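# An overview of the molecular structure
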Amino acid sequence: MRLILVRHGEADPDRSGNDALRQLTPVGHKQAALTAKYIAENFKPDLFVVSPYIRAQQTLAHIQDLYPDVPMQVYQDIRPDDPAAPAVQWLSNLTNETVVVVCHMNIIAYIAALLTEDAAESFALAEARVYEHPVIMAGLSEEKARFVPQVESQY
């Protein structure tokens, strides 16, 4: 089994007071497109899981453009400040071979840390990390690859 964790691309600053509505900047769209290309060149996802927040869904849309027939699930509990343990438990129930999860800092770093039992480490914007494991369970995953899109930020 393979899990590809992706942080969303660069998003506009929160000016509305509603973090869930923040959208990708033009740079964020470029980052997401590069990450989508990396995934398409190396993997064949069979499920997408995404946060309910707009910027994560916009990031995933770039990947979905390359895989229009792959199903997608919005998972409500992978927002920035959600705890990681319930997310890992939920992911462990999936039976798909290659799952792409698009969400946010801080939760994405904590999910990765639980999977590998390593210290939490920040993800760059639109970074993808690839984990392989016999089953999704704390401590059973091994990080196999990282991709960080190289696009100059506007902030």
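Worth saying up front: this structure is predicted, and the values here are computed from it rather than measured.

Another point: the packing of aromatic side chains. For the structure on display, the rule yields four aromatic pairs. Summarising the aromatic geometry, the rings of Y38 and F43 are spaced 6.0 Å apart at their centres and angled 70° between planes, so their arrangement reads as edge-to-face. With relative accessibility at 14%, the residue Y38 sits in the buried group. Residue F43 is classed as buried on the basis of its relative accessible area, which comes to 14%. Relative to W90, the ring of Y75 lies with its centre 4.0 Å away and its plane at 10°, an arrangement referred to as stacked. Highlighted residues: Y75 in the loop between β3 (72–74) and α3 (84–91) and W90 in helix α3, separated in sequence by 15 residues. Exposure remark for Y75: the relative accessible area of 9% places this residue in the buried category. Taking the relative accessible area as the measure of exposure, W90 reaches 23% and is therefore partly exposed. In this structure, R129 packs its charged tip against the face of F123, placed 3.6 Å from the ring centre.

All right, on to the pairing of strand β1 (residues 2–7) then. When you tally the buried positions in β1, you get five out of six residues, the bulk of the element. By the bridge criterion, six bridges tie β1 to strand β4 (residues 98–103) in an arrangement that is parallel. For R2, the partnering residue across the bridge sits in β4 and is T98. The pairing of β1 with strand β5 (residues 128–132) spans five bridges and is classified as antiparallel. Note that in β5 the partner of L5 across the bridge is R129.

Attention now goes to the nonpolar core. Within the largest apolar cluster, 24 residues are counted, with the highest numbers of intra-cluster contacts made by L3, L5, V49, I78, V101, I111 and L115. Secondary structure elements with two or more residues in this core: β1, β2 (47–50), α3, β4 and α4 (107–116). With six residues, α4 is the largest single contributor of residues to this core. Setting aside residues up to four positions removed in sequence, L3 forms contacts with L91, V99, V101, L115, R129, V130, Y131, H133 and I136. In this structure, Y38, F43, F48 and V100 belong to the second largest nonpolar core, which totals 17 residues.

Procedures and definitions
Residues numbered from 1 in each chain as written. Predicted model: local features only at pLDDT ≥ 70, side-chain atom pairs only at ≥ 80, totals over all residues. Heavy atoms only, no water. Phe/Tyr/Trp six-rings, centres within 6.5 Å; stacked < 30°, edge-to-face > 60°. Buried < 20%, exposed > 50% of the residue type's maximum accessible area, 1.4 Å probe, protein only. Helix = DSSP H or I, 4+ residues; strand = E, 2+ residues; numbered from the N terminus. Lys NZ or Arg CZ within 6 Å of the ring centre and 35° of its normal. Pairing = 2+ DSSP bridges. Core = buried A, V, L, I, M, F, W, Y, C linked by side-chain atoms within 4.5 Å. Contact = heavy atoms within 4.5 Å.

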